[in-house]
Amino acid sequence: MRDAHTVEQVRAAEAALMARLPEGALMQQAATGLSTAVADLLGRVYGARVLLLVGSGDNGGDALWAGARLARRGAAVSARLLSPDKTHPAGLAALRAAGGRVVEDDVAALATRPDLAVDGIVGIGGRGGLRPDAAALVAALADADVPVVAVDVPSGVDVDTGRLDGPHVEALATVTFGTHKVAHLVDPAARAAGTVHVVDLGLDLPRADVTALQADDVAALLPVPEPAAHKYTRGLVGVRAGSEQYPGAAVLCVAGAGTGFAGMVRYVGAAADEVRAAHPEVVVGVGQVQAWVVGSGGGDDAAEAVREAAADGVPLVLDADALQHLDAAGSGERLLTPHAGELARLLGVEREEVETDQLGFARRAAEETGAVVLLKGRHTLVAAPDGRVRATTVGPPWLATAGAGDVLAGLCGSLLAAGLDAFDAGSVGSWLHGAAAAHASGGGPIRARDVAAALPTVCRALLG
Ligand SMILES: NC(=O)C1=CN([C@@H]2O[C@H](COP(=O)(O)OP(=O)(O)OC[C@H]3O[C@@H](n4cnc5c(N)ncnc54)[C@H](O)[C@@H]3O)[C@@H](O)[C@H]2O)[C@H](O)CC1
């Protein structure tokens, strides 16, 4: 499991460890990890031109000490001090002693023609976006296509929420210390972090509220049938999806539900012929199920479909049009699967607000509805009413294709029917969905049906 801790949790663990270590030991560990990661990205250190962007705190200190190490290995290291009077004194002295130099302004900084810049402007002490001076330098480096390695977090992002409240660094990679921060997993900030490397500092950290499942966690949660299982003991999933307008949504939702985690799929809806043609295994018609998936491509039929499904008192996946009829869904176990637009509609806010603060709005929706909310996106978030959140960090941008959400809803429904709770079904389903897309894509375009077709392969690999 990948844990993402808050600034408060990191500072507490940092203080506890620093109390047992010589002064500055943690910063040396951090700087060593940072310089090693930068050296790996440079390939050849000797003669490389590195520009340090140095703020007023320990984040700048990390950059200066790492710069000193790179300078001793023959790199031409320059430092642009954004708060000269507050720069980390020992770090600056170390850089100068190693042959590094300070450049007086942005023009001189750009004139060093850096191969790479190290963003030590602000780390976990940052508040709000970059200040105008720092923003101007970062913009000039971006215009000059200078790749940036962020120290701890990309400067300007909101570390504990993943929000972007103004100008910020867009990093090729981020080298963080001790643990992931929320901003590394949660968009839009996670997109600005690039590839995240964690330097272990041996911090003793509490349980994290924001986490990300890894392959082993997913494998451990997959509902594998007992030797004596039969289709009824494995759980039956029902799908109420599709309509005259969107028959394909039913076929795709059933494809996700028919991945094989449930013993059988029942279908009720206007697209029975299309579903039968595509999925001969499916039983068309009402009957007992352990979970219902409702709403994918439901159109005008969604309200009735929600009422009838809720009447069975089993866990529900409420997708697409069903999200407008939560009042008819009861208060049992529910997994809502909105995209940003649908979540905005559900909460009466603008889509842009949701996209800016995905963690905040996913948590708010889970709290207000008492349901588990799966907010679809580049890094899908699954939020439980108790505040726990899992981020899905697997899946290529090619997954942003029509019908992919229908497949996901069906897949989550089969995991619910097989006995997972809504939080596990949503986060395991989202992970499998992303991994199947990556497998089917191989770097190229995919269709929603390709994702469904790749799911068994991914599961075999996990269970292999
Ligand atoms: N995690 C660890 O165990 C270790 C982390 N280290 C590094 O230390 C920084 C945190 O250092 P700190 O001095 O507390 O704060 P920052 O350097 O992040 O910020 C400094 C300073 O910046 C000012 N500021 C706040 N917001 C802005 C802004 N938007 N623009 C400009 N300046 C801003 C504010 O005054 C802050 O006080 C952590 O990230 C790691 O990199 C240790 O080195 C090793 C152990």
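None of the values given here were measured: they were computed from a predicted structure.

Section: the sheet that holds strand β5 (residues 116–120)
Taken in spatial order, the seven strands line up as β4-β3-β2-β5-β6-β7-β9 in an open sheet, and their pairing is parallel. The open sheet terminates on both sides in strands that have one partner only, identified here as β4 (101–103) and β9 (195–199). On average, each strand axis in the sheet is tilted by 25° relative to the strand beside it, whichever way the strands run. Where β5 meets strand β6 (residues 148–151), three bridges bridge the pair, whose relative direction is parallel. If you follow Asp 119 over to β6, its bridge partner there is Ala 150. Docked against the sheet, helix α6 (residues 132–143) engages β2 (49–54), β3 (76–81) and β5, running at close to 155° with respect to β2.

Quick word on the side chain of Arg 69
Following the sequence through the fold, Arg 69 ends up in helix α3 (residues 58–72). With near-sequence residues (within four places) excluded, Arg 69 lies in contact with Gln 28, Ala 31, Thr 32 and Ser 35.

Concerning the UniProt feature "binding site: K(+)" (unreviewed entry) in the protein
Feature annotation in UniProt assigns "binding site: K(+)" (unreviewed entry) to the following positions: Asn 59, Asp 119 and Ser 155. The greatest C-alpha distance among the residues just named is 9.7 Å, despite their covering 97 residues of sequence, which places them together in space. Secondary-structure assignment places Asp 119 in strand β5. On the basis of relative accessible area, Asp 119 is assigned to the buried category, the value being 0%. Ignoring any residue separated from it by four or fewer positions in sequence, one finds Asp 119 in contact with Leu 53, Asn 59, Val 148, Val 149, Ala 150, Val 151, Val 153, Pro 154, Ser 155 and Val 169. Turning to its location among the elements, Ser 155 is positioned in the loop between β6 and β7 (173–177). Note on Ser 155: relative accessible area 0%, which makes it buried. Residue contacts for Ser 155: discarding those within four places in its chain leaves Asp 119, Ile 121, Val 122, Leu 130, His 168 and Val 169. Reaching out from Ser 155, the side chain makes a polar contact with the side chain of Asp 119 at a distance of 2.5 Å.

Let's talk about the site of the ligand
In the vicinity of the ligand, 22 residues are found, and the nearest of them are Arg 11, Glu 14, Asp 62, Gly 123 and Asp 152. At 2.9 Å, a backbone N or O of Asp 58 approaches an oxygen atom of the ligand. Here an oxygen atom of the ligand sits 2.8 Å away from a polar atom, N or O, in the main chain of Gly 125. Contact with the protein chains covers 84% of the free accessible surface of the ligand, which is 860 Å².

Examining the pairing of β3
Burial of β3 is extensive: five of the six residues sit out of reach of the surface. As paired elements, β2 and β3 share six bridges and run parallel to each other. In the sheet register, Val 50 faces β3, and the bridge partner there is Val 77. The handedness of the β2 to β3 crossover, carried by α3, is right-handed. As judged from the three bridges shared by β3 and β4, these two strands associate in the parallel manner. Directly across from Ser 78, in β4, lies its bridge partner Arg 101.

Some points on the domain arrangement of the protein
Here the domain parsing of the protein yields domain 1 (2–211) and domain 2 (215–463). Each of domain 1 and domain 2 was reduced to a C-alpha centroid, and the two centroids are 39 Å apart. At the junction of the two partners, domain 1 supplies 16 residues and domain 2 supplies 15 residues. Here domain 1 meets domain 2 over a buried area of about 1200 Å², counting both sides, of which 50% is carbon and sulfur. Taken together, domain 1 and domain 2 are joined by two salt bridges.

Some points on the state of the cysteines
Under the counting rule described, the total for this entry stands at zero disulfides. Distance from the sulfur of Cys 253, which forms no disulfide, to the nearest cysteine sulfur (Cys 412) is 9.7 Å. A relative accessible area of 0% places Cys 253 in the buried class. Looking at the unpaired Cys 459, the closest cysteine sulfur is the one in Cys 412, lying at 12 Å.

So, helix α15 (residues 358–369)
The first and last C-alpha atoms of α15 sit 16 Å apart over twelve residues, in line with the 16 Å expected at 1.5 Å per residue. At the C-terminal side of α15, Gly 370 shows a positive phi close to 70°.

What counts and how
- Residues numbered from 1 in each chain as written.
- Predicted model: local features only at pLDDT ≥ 70, side-chain atom pairs only at ≥ 80, totals over all residues.
- Heavy atoms only, no water.
- Pairing = 2+ DSSP bridges.
- Helix = DSSP H or I, 4+ residues; strand = E, 2+ residues; numbered from the N terminus.
- Axes fitted to C-alpha atoms, helices over the stretch in contact; angles between N-to-C directions.
- Contact = heavy atoms within 4.5 Å.
- UniProt positions renumbered as here; feature names shortened; annotations may be inferred.
- Buried < 20%, exposed > 50% of the residue type's maximum accessible area, 1.4 Å probe, protein only.
- Polar contact = N/O pair within 3.5 Å; in protein donor to acceptor, adjacent residues only side chain to side chain.
- Near = heavy atom within 4 Å.
- Areas by Shrake-Rupley, 256 points an atom, 1.4 Å probe, with all protein chains shown as cover.
- Right-handed = clockwise from strand over helix to strand, strands pointing away.
- Domains from an automatic or database assignment.
- Buried area = accessible area lost by both parts, 1.4 Å probe.
- Salt bridge = Lys/Arg side-chain N within 4 Å of Asp/Glu carboxyl O.
- Disulfide = S-S within 2.5 Å.
- Expected span 1.5 Å × (residues − 1).

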